[in-house]
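The primary structure of each chain is shown beneath.
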Amino acid sequence: MTKRVFIKTYGCQMNVYDSARMADVLAPVGFAPVDTADQADLIILNTCHIREKAAEKVYSELGRLKHLKHRPTAEGGPVLLAVAGCVAQAEGAEILARAPYVDMVFGPQTLHRLPEMIARVARNAGQVLETDFPVDVKFDHLPEVAASSSGVTAFLTIQEGCDKFCTFCVVPYTRGAEYSRPVAEVLAEASRLAASGVREITLLGQNVNAYHGAADGGEWRLARLIAAVADIPGIARIRYTTSHPVDMTDDLIAAHREIDTLMPYLHLPVQSGSDRVLRAMGRHHSADAYRQLVDRLREARPDLALSSDLIVGFPDETDADFRATMDLVTDVQFAQAYSFMYSPRPGTPAAAAPQLDEPVKRERLAELQALLDAQQRAFNQACVGRDLPVLFERPGRHPGQLAGRTPYMQAVHAHASPDVLNTIQAVHIDAATPNSLAGILAERVIA
Ligand code: SAH
Ligand code: SF4
Ligand code: F3S
């Protein structure tokens, strides 16, 4: 390989997966990945449009990278600059106008055409814009996931797009309609990952528990797919993300009881604890329905750690609405959660409504985050003194240290020989910080 590509990824895990696929389609045409932009012949920003801040980052990054275009490449041509992902999909033409030095802009559904786009730019065809949702879905045109691109944990996109149209959200517009990959294709990819040494697979989708993939003789829902992935030799841990509460079906709840390798951690965004706000958001469930769902999940898997997404300052959110969110969080007790100030997104219904003042939003966010931080600290502290199975994924920050994760997704650092990298070991947890755990290897080998 003679050419070098640098890919910078923003946003969610689906973008992480897509960035790895871009590297896969570029390898056969001679591109090797590098870690910094200043050595690259091709720079790709794989972007996120979910909140205004995320989208604006792209323009400031482009400004910083602009000067690199003048560096001559190994082949003598110019360095190519590309914007991919959800900002590309949403603002394609605007990017070309605001940053005329950008060579290629392409959305999440066209990344398989990357080699062809590069060839077009090389033929001096000017700027390339590819933001349609092609009928021939990208998965049919992607090469098999390269074994080399995965470590001991891997993401596997099984579902893309979303038909829910929550009134605050751009995803249905940037990723298109909901699509589930066929079962055989998913299982083949999971088997290849397992054969290349992957022990933990996270099944991905914007709305992953709405999965309904074609299979011989009908459709499979997510629970059945998880059971089949669990049967693949070598797979020790399965996770899935992100789920919508209304698609949390009985069979999926039962899977948390029945499948040992399905990890006891679930990211289940609730967004708000106020029924009035939930209705305005178009979420199709009440706060109490969420509480009852959590009860049923914990009945199936008592040690289930819950994570969530919450939005404060949605248009017209009153103090009482915000108190209802605080009450819900207090009742549920999350192991960790993400919280955001509402950010009006162009083209979404909620953006047209009158907006709350910034200081109100900021105050509510600070109060909610203090509560969530306390819950996370309490959850981590409760692990001190226990032996937890840890999948060691990589060297730690300090010499002689390895880093891995518990079943509950907590990061763990422990002194351990590099021999145990990529294996699951019992770790005696002796300290907790707000964001991670530390411990020593227990004598017991788990797997
Ligand atoms: N598919 C997932 C979430 C996708 S976006 C789901 O349905 O839950 C990730 C999170 O970003 C959302 O859960 C929401 O909390 C947040 N988010 C989305 N749009 C937002 C906006 N306009 N302002 C603030 N936060 C937003
Ligand atoms: Fe966005 Fe998730 Fe709602 Fe879909 S379900 S519109 S991805 S928040
Ligand atoms: Fe962002 Fe697109 Fe993911 S908007 S959150 S990168 S689906």
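Below you will find a few notes about this structure. Within every chain, residues take consecutive numbers counted from 1 along the sequence as written. Working convention: letters from A go to chains and numbers from 1 go to ligands, in the order in which they are written. This being a predicted model, a pLDDT of at least 70 is required before a residue's local features are given, and a value of 80 or more before pairs of side-chain atoms are given or counted; all residues contribute to the totals for chains, interfaces and linings. Each side-chain value is derived from all of the structure's non-hydrogen atoms; neither hydrogens nor water enter the calculation.

Quick look at the site of ligand 1
Logical step 1: In the region of ligand 1, 15 residues are neighbours, and F168, Q206, Q271, D309 and S343 sit closest.
Logical step 2: The term polar contact refers here to a pair of N or O atoms within 3.5 Å; inside protein, the definition further demands a hydrogen-donor-capable atom paired with an acceptor-capable atom, and it admits residues adjacent in sequence only when both atoms are side-chain atoms. Within the contact set of ligand 1, an oxygen atom lies 3.0 Å away from a side-chain nitrogen or oxygen of R51.
Logical step 3: In the environment of ligand 1, a nitrogen atom lies 3.0 Å from a nitrogen or oxygen atom belonging to the backbone of F168.
Logical step 4: Secondary structure elements are defined from DSSP: runs of H or I of at least 4 residues count as helices, runs of E of at least 2 residues count as strands, and each element is numbered from the N terminus. Breaking the shell around ligand 1 down by element, the ones donating at least two residues are β15 (305–312) and β16 (336–341). The cutoff for a nearby residue is simple: one of its non-hydrogen atoms must lie within 4 Å of the molecule or strand.

Overview of the pattern of salt bridges
Logical step 1: Here, a salt bridge means any side-chain nitrogen of Lys or Arg that lies within 4 Å of a carboxyl oxygen of Asp or Glu. Tallied over the entire structure, the rule returns 30 salt bridges.
Logical step 2: A salt bridge links R296 to D250, with the shortest nitrogen-to-oxygen separation between them at 2.5 Å. Here the residue R296 occupies a position in helix α10 (residues 287–300), and D250 occupies one in helix α8 (residues 250–258), the gap between them amounting to 46 residues.
Logical step 3: When its relative accessible area of 55% is taken as the criterion, D250 is described as exposed.
Logical step 4: The shortest N-O distance in the salt bridge between E317 and R364 comes to 2.9 Å. Placement of E317 in the loop between β15 and α11 (319–332) and of R364 in helix α12 (residues 358–381) is noted, with a sequence separation of 47 residues between them.
Logical step 5: By relative accessible area, E317 is classed as buried at 3%. Each residue is placed in one exposure class: buried if its accessible area under a 1.4 Å probe, protein chains only, is under 20% of its type's maximum, exposed if it is over 50%, and partly exposed if it falls in between.

Overview of helix α4 (residues 114–122)
Logical step 1: When we look at burial in α4, the residues that qualify are L114, M117, I118 and V121. Taken end-on, α4 shows its buried residues confined to a sector of 100°, consistent with a single buried face.
Logical step 2: Contacts are assigned to residue pairs with any non-hydrogen atoms lying within 4.5 Å of each other. Structurally, α4 contributes buried residues whose contacts are with α1 (13–26), β2 (31–33), β3 (42–47), β4 (80–84), β5 (104–106) and β6 (128–130).
Logical step 3: In the segment just after α4, N124 is the residue with positive phi, at about 65°. The directions considered for the arc run from the helix axis to the C-beta atoms.

As for the environment of D103
Logical step 1: Here D103 is to be found in the loop between α3 (85–98) and β5.
Logical step 2: Relative accessible area serves as the criterion here: at 14%, D103 is assigned to the buried category.
Logical step 3: When the C-alpha atoms of D103 and A122 are compared, they prove to be 9.9 Å apart, with 19 residues separating the residues in sequence.
Logical step 4: Residues within four places of D103 in sequence aside, it is in contact with K69, V79, L80, L81, V121, G126, Q127 and V128.
Logical step 5: Only 2.8 Å separates the side chain of D103 from the backbone nitrogen of L81, close enough to count as a polar contact.

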